[in-house]
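So the chains spell out like this:
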Amino acid sequence: MATKHTLPAILLLLAAPHSPAASLTPAAESAFQEYASKVETRLASQHAAASTYLAASSPVSSAEPLAGANFQIEPVNGGTWQVEAALLHHWRATAFVPRATAQKMLTLLRDFGHLPANYAPQVVSARVLSQNGDAARVAMRIQQDRVLTIVLDGEYALESKLDAPTRGYSISRSIRIRQIEQAGSPDERALDFGHDDGFLWHLNSYWSFQSATENSVEGVRIQCEAISLTRDIPRGLGWLIAPIIRDFPREALEFTMQSTIKALQSPASQK
């Protein structure tokens, strides 16, 4: 039973279907794009040689092993930091997947039609807007259920390829992410980009993968770096919004890596 001390907080939560509106500033947009450019420059240099194809990884924290996969996730540059009335997040996850190959990883990354199946329940729907060789543009709806249910429609530009039979990469850059209010109802509507609750304004994901052998077992080492831009923490509702803003980038990457490992080790992928 709620006490007189907790009741006001509960009433405030029930009365607040979403957080106070936020606005993406040009300065925050510029900060994200500049940081993304630096990350991509470093990755291009990294991919220039097989010996440095994946970044060195330190196991800051570990998720439960999934079907024998060695899985690590860690913050880069502290994980989260303030930039121009916004927060920039950078996390890296690395795993070794036994009996998988670089070609199977590339096939999985290009299997846009099965994104909802491979990444349920976070990926609700996906459709290819255009595809030409190594490049594609994909629309995707994602949902995150926390204290609040967050539904976001995003459009992404993707590029994926093999640099050699044993290694490859994929780049996914968000073009526009819009928050959806009352998703699935007759009153569903998309809020203007950059003028919403600010749970996710930008998301770029960078995969690197390379054949490897661990404990005499052949497989593929996969690595994903995710950089994202969100609002900063609003005054007054920090107790409600802070956990979502703080944990969403890490939890989303952890879920993505776990789902990718599972898909690579599925019977269909092993054929």
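Residues numbered from 1 in each chain as written. Predicted model: local features only at pLDDT ≥ 70, side-chain atom pairs only at ≥ 80, totals over all residues. Heavy atoms only, no water.

A word on the confidence of the model for the chain
Spelled out, the test is: Every residue gets a pLDDT, meaning the predictor's confidence in that residue, from 0 to 100. Contacts are assigned to residue pairs that have any heavy atoms within 4.5 Å of one another.
Scored by pLDDT, the chain comes out at a mean of 86, with 83% of its residues at no less than 70. Confidence drops under pLDDT 50 across residues 59-64; counting only partners more than four residues distant or on other chains, this segment forms 11 contacts.

As for the pattern of salt bridges
Oppositely charged side chains can pair when the atoms bearing their charge come close. This is how the line gets drawn: By definition here, a salt bridge exists when the distance from a side-chain nitrogen of Lys or Arg to a carboxyl oxygen of Asp or Glu is within 4 Å. Note on conventions: DSSP H or I runs of at least 4 residues are helices, E runs of at least 2 residues are strands, and numbering of each starts at the N terminus.
Taken as a whole and assessed by the stated rule, the structure comprises 12 salt bridges. Between R141 and E188 there is a salt bridge; the shortest N-O distance is 2.9 Å. Here R141 is found in strand 6 (residues 135-145), whereas its partner E188 is found in the loop between strand 8 (167-181) and strand 9 (189-190), with 47 residues between them in sequence. In this structure, a network of salt bridges that share partners links the residues R42, E74, R92 and E225.

Things to note about the packing of aromatic side chains
We describe a pair of aromatic rings using the distance from one ring centre to the other and the angle between the two ring planes. The line we're drawing: Here a pair means two rings of Phe, Tyr or Trp (six-membered ring of Trp) with centres within 6.5 Å. Their orientation is stacked below 30 degrees between planes, edge-to-face above 60, and tilted elsewhere. For every residue, the accessible area obtained with a 1.4 Å probe (protein chains only) is divided by the maximum for its type, and the residue is called buried under 20%, exposed over 50%, and partly exposed between those limits.
Counted according to the given criterion, the structure contains 1 aromatic pair. Centre to centre, the rings of Y35 and W81 are 5.2 Å apart; their planes meet at 70°, and the pair counts as edge-to-face. You can see Y35 sitting in helix 2 (residues 26-46) and its partner W81 sitting in strand 3 (residues 70-82), a full 46 residues away along the chain. A relative accessible area of 14% places Y35 in the buried class.

A few points about empty space enclosed by the protein
As a reminder of what qualifies: Think of a 1 Å grid over the protein atoms and nothing else: a 1.4 Å probe that fits but is trapped marks a cavity, an open set flanked by protein within 12 Å on at least five of seven lines marks a pocket, and residues with an atom within 4 Å of a point count as lining. Grid points are joined across faces, edges and corners, and a volume is the space filled by probe spheres set on the points. Basically, the charged four are Asp, Glu, Lys and Arg, the nonpolar ten are Ala, Val, Leu, Ile, Met, Phe, Trp, Tyr, Cys and Pro, and anything else, Gly included, counts as polar.
For the structure shown, the criterion picks out 1 cavity of 30 Å³ or more. The volume enclosed by the largest cavity comes to roughly 680 Å³. If you trace the largest cavity, you find 31 residues lining it, with V123, M140, L203, S205 and T256 closest to the centre. Those elements that provide at least two residues to the lining of the largest cavity are strand 4 (86-98), helix 3 (102-109), strand 6, strand 7 (149-164), strand 8, strand 11 (202-214), strand 12 (217-231) and helix 5 (238-264). Considering each element in turn, the lining of the largest cavity owes the most residues, 6 residues, to helix 5. Of the residues that constitute the lining of the largest cavity, the class distribution is 22 nonpolar, 9 polar and no charged.

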